[in-house]
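Here are the chains, one letter per residue:
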Amino acid sequence: MWQIAAAGDRALLVTISSTIDPEVLGEVLALDRVLQDRRPQGLISTVTAYASLLCHYDPAVIDGARLAGEIRTFEGRLDATVPTGSVVDVPTRYDGPDLADLVAKTNLTTAAVIELHAGREYLVYCVGFAPGFTYCGALDSRLALPRRASPRARVPAGSVGIAGPQTGIYAVESPGGWNLIGRTDMRLFDQSADPPARFKPGDRLRFVPIA
Amino acid sequence: MIEVVNAGRWTTIQDRGRPGRERFGIPPGGAADWFAAAAANRLVGNHPNAALLECTAMGASLRFDSDVHVAVTGARAAGIETWVPQVMARGATLAVGAIGPGLRTYVAVRGGIDVPVVLGSRSFCQRGAFGGGFGRPLAHGDRFAAGTLIDGDPLPTAWPAGHRLPMGSPWEVRVIGGPHTAGFDGRALQRLSAVACRVSPELDRMGMRLETPSLRLHGNEIITVPITAGAIQVTPSGELIVSLADHPTTGGYPVIATVITADLPLLAQARPGDTVRFREVDRAEADRAWRRLAGWLEMSG
């Protein structure tokens, strides 16, 4: 059952599930599409994440409880097909500052770590946190590593990191706690482009090792 | 032209921000104290979308090369009159000094600050290092022009004292429970409302950390969710992080409550060491509080 809760006085958070799963993302994106198409009165914009969707609304136009009711009518009626699309190659140099640490902690060779990370397709679950930051999953469980105990103050744009069951790409320089294993020259955020982010939830990508 | 003679501590160009682009990871941004910024624009007869300066802790000094109306609002600043329209004569320098009580002081110039619109806004976005004219806070020697975002005449008198927000610690801030209140124990929000939270030095336009040594809140873990300005996240160690205008668009900690829109200006003015107290209200009170501020903005002038 979806949970719909107030996120302040002008937004509702719809929580679809408590798991990270392609089908859950499919449902989130389907709800997002139907809300974009139907545009309930007073709905201003939506933001999606792994298993939830935030609705910004204008309380002068619609009451939060009424909007929640309208959203609720879509529950169980969405075509939550798992997104499929072409797979984008992300050329990646595996030379990140935490690669050696990952090798040591996993008891794998560097080559094996790279092969496990680059050897599968990833689904983009979320673009968020910072401009263009791209959250992907699922990582091979052998590579799962908690976040660094102390985050770095500066992580360069293009850094490829891992944290728990996820891998992700920093699109702009920012602080960050993920374990950095590589870097791409692909530009993931460009404020003069439309859309400004290279990836969107539901996209698929693959890391391609380069020298 | 307007020339920055002294950039102050952290002075940025802001307007109403770029809400609606969170899906690209772009924070909504805009003036942290939206009410003081809107009042400054009203005082000089600007359109609500006009960009202005947000000064932090220590104000900026500006030299004008033609006669222009300006207004300074928000927190009081040394050496300058606030909440009143004034005319800067050609060649004159406007010096906004040390700021306080409160943290942020706004300087509106008639016509607005004319810098390029990036992704729908002139606001500086720190995380993306774009917007705000220079992709950074202002620096000594920066020059920009006043624009043409005019919506009427400057107001003839000072902003009514009764139509301003109280400026000073302790900051009484109203919240609405959620979205993750249910993931905490039943009395968590009540306990949060009963303590004085101290603003830590780790404070910027993205967010504010609050120290609450006596309060040990523990919420259920969540999967990363989209968040809003005013979201009060509780970290596993029980620390509170409250998001401000430039907040990350998603967060990985449960949100026990969210500050109402009408009280975001108060939160934005809290300084390190200040006290913040939260009080739970319902949506009806949040709406009334917002309409009250909107009414002040309409009535004046």
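Residues numbered from 1 in each chain as written. Chains lettered and ligands numbered in written order. Predicted model: local features only at pLDDT ≥ 70, side-chain atom pairs only at ≥ 80, totals over all residues.

**Q** Lay out the environment of B:Arg136 with the relevant residues and their values.
**A** All names here are of chain B. As for its position among the elements, Arg136 is in the loop between strand E9 (113–114) and strand E10 (143–146). Among the residues examined, Arg136 registers 14 C-beta atoms within 10 Å and is labelled partly exposed. Put simply, Arg136 and Phe124 are 12 residues apart on the chain and 6.8 Å apart in space, counted from C-alpha to C-alpha. (Helix = DSSP H or I, 4+ residues; strand = E, 2+ residues; numbered from the N terminus. Buried ≥ 20, exposed ≤ 12 C-beta atoms within 10 Å, placed from the backbone.)

**Q** Tell me what's going on with the pairing of strand E11 (residues 171–177) of chain B, and back it up with residues and numbers.
**A** All names here are of chain B. With 6 of 7 residues buried, E11 lies mostly within the body of the structure. Sheet analysis places E11 next to strand E19 (residues 275–280), joined by 5 bridges and oriented parallel. Paired with Arg174 across the bridge in E19 is Arg279. Note that E11 and strand E18 (residues 255–259) share 3 bridges and pair antiparallel. Within the sheet, the bridge partner assigned to Gly177 lies in E18 and is Ala257. (Pairing = 2+ DSSP bridges.)

**Q** Quick one: what's the story with the interface of chain A and chain B, residue by residue and with numbers?
**A** Interfaces are often sized by the amount of accessible area the parts lose when they come together. Contact with chain A, which involves 36 residues of that partner, is made by 34 residues of chain B. Broken down by secondary-structure element, the contributors of at least two residues to the side of chain A that touches chain B are strand E1 (3–6), strand E2 (11–15), strand E3 (43–48), strand E4 (52–57) and strand E6 (122–127) of chain A. It is E3(A) that contributes the most residues to the side of chain A that touches chain B, 4 residues altogether. Each residue belonging to the side of chain A that touches chain B can be placed in one class, and the counts come to 24 nonpolar, 10 polar and 2 charged. (Contact = placed C-beta atoms within 7 Å. Nonpolar A, V, L, I, M, F, W, Y, C, P; charged D, E, K, R; others polar.)

**Q** Can you break down the sheet that holds E11(B) residue by residue, with the values?
**A** Residue and element names in this part refer to chain B. Read around the closed barrel, the 7 strands follow the order E11-E18-E15-E16-E13-E12-E19; overall the barrel is mixed. Looking at each pair of strands side by side, their axes are set apart by 40 degrees on average, direction ignored. Of the pairings in the sheet, the one linking strand E13 (residues 207–211) to strand E16 (residues 240–243) comprises 4 bridges and is antiparallel in character. Across the sheet, the residue bridging to Leu210 is Leu240, located in E16. (Axes fitted to C-alpha atoms, helices over the stretch in contact; angles between N-to-C directions.)

**Q** Let's hear about the confidence of the model for chain B: which residues, and what values?
**A** This prediction gives chain B a mean pLDDT of 96; 99% of its residues lie at or above 70. Scored as a complex, the prediction yields pTM 0.96 and ipTM 0.96. (pLDDT = per-residue confidence, 0-100.)

**Q** Run through the environment of A:Val82, naming residues and quoting values.
**A** Residue and element names in this part refer to chain A. Mapped onto the fold, Val82 is located in the loop between helix H2 (64–72) and strand E5 (87–93). In this structure, the C-alpha to C-alpha distance between Val82 and Val24, residues 58 residues apart in sequence, is 8.3 Å. In this view, Val82 contacts Pro22, Glu23 and Gly26; residues no more than four positions away in its chain are not counted.

**Q** Before we move on, can you summarise the nonpolar core with the specific residues and values?
**A** Ranked by size, the top nonpolar core spans 148 residues in total, and within it A:Leu12, B:Leu52 and B:Ala108 carry the most contacts. When residues of this core are assigned to their parent elements, the largest contribution, 8 residues, is made by helix H1 (residues 34–43) of chain B. Those residues in contact with B:Ala108 that sit more than four places away from it in its chain are B:Ala40, B:Asn41, B:Leu43, B:Val44, B:Asn46, B:Ala50, B:Leu52, B:Val70 and B:Ala71. (Core = buried A, V, L, I, M, F, W, Y, C linked by C-beta atoms within 7 Å.)

**Q** Now, about the sheet that holds strand E4 (residues 61–64) of chain B: what can you tell me, with residues and values included?
**A** Residues and elements named next belong to chain B. If you trace the 5 strands from one edge of the open sheet to the other, you get E7-E4-E1-E10-E9, paired in antiparallel fashion. Looking at which strands have only one partner, the edges of the open sheet turn out to be strand E7 (93–95) and E9. Looking at chain direction, strand E1 (residues 2–6) and E10 are connected through 2 bridges and run antiparallel. Bridged to Glu3 within E10 is Arg143.

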